[in-house]
Structures are given as structure tokens and as C-alpha cells.
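Given next are the chains, with one letter for each unit.
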Amino acid sequence: MSFSAELPLVAFNVPAGADLTAIKRRLEQGEADGWWDNELGCETPAWRDA
């Protein structure tokens, strides 16, 4: 969901059992490639360890 055309912000929840390492890798690669900025609103120990 994009909240506005001026600030196309997207938020999503990562479901339990998801491949956190792959998701983090994709977010980091997109940021490195200049596609988006990445900011976490809430993280778990499992996310930090992935």
C-alpha cells in the first residue's frame, strides 16, 4: 500500500516462518542499488540474527 504519491511509503509485515535472511538481503540490495530506503519500525531478535 502506498500512502501518497508525494511520499510513496510502503509498510509490510513479515510472516512467521519467512526466510528472514533472504528478505534482509533483498532490502539491503535494493537500498544499495538506490531503489529505496529501508527503515525498520519494529524488529525481533530473529530479525537481528538473520
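The coordinates are above.
The sections below set out a description of the structure shown in this document. (Residues numbered from 1 in each chain as written. Predicted model: local features only at pLDDT ≥ 70, side-chain atom pairs only at ≥ 80, totals over all residues. Heavy atoms only, no water.)

## Describing the environment of V14
- One can find V14 in the segment before α1 (20-32).
- Residue V14 is classed as partly exposed on the basis of its relative accessible area of 32%.
- Taking the C-alpha atoms as reference, V14 lies 22 Å from G34; in sequence the two are 20 residues apart.
- Not counting residues up to four positions away in its chain, the partners in contact with V14 are L20, I23 and W47. (Helix = DSSP H or I, 4+ residues; strand = E, 2+ residues; numbered from the N terminus. Buried < 20%, exposed > 50% of the residue type's maximum accessible area, 1.4 Å probe, protein only. Contact = heavy atoms within 4.5 Å.)

## Considering the pattern of salt bridges
- Within the structure shown, the criterion is met by one salt bridge.
- For R48, the salt bridge goes to E43, with nearest N and O atoms at 3.4 Å.
- Judged by its relative accessible area of 47%, R48 is partly exposed. (Salt bridge = Lys/Arg side-chain N within 4 Å of Asp/Glu carboxyl O.)

## Focus on α1
- A rise of 1.5 Å per residue sets the reference length of α1, with its 13 residues, at 18 Å; its end C-alpha atoms lie 18 Å apart and thus fit the reference within 8%.
- All of the buried residues in α1 are L20, K24, L27 and G30. Taken down its axis, α1 places every buried residue within 130° of arc, on the same side. With respect to the buried face of α1, the exposed residues turned more than 90 degrees away are R25, R26 and A32.
- Looking at the buried residues of α1, the elements they touch are α2 (45-49).
- Residue G34 follows α1 closely and has a positive phi angle near 80°. (Expected span 1.5 Å × (residues − 1). Arc of directions from axis to C-beta.)

## Here we look at a nonpolar patch on the surface
- On the surface, V10, F12 and V14 cluster together to form a nonpolar patch covering roughly 280 Å² of accessible area.
- Classification of V10 as exposed rests on a relative accessible area of 53%. (Patch = residues over 30% accessible without salt bridge, like charges linked within 9 Å, V, L, I, M, F, W, Y side chains within 5 Å. Areas by Shrake-Rupley, 256 points an atom, 1.4 Å probe, with all protein chains shown as cover.)

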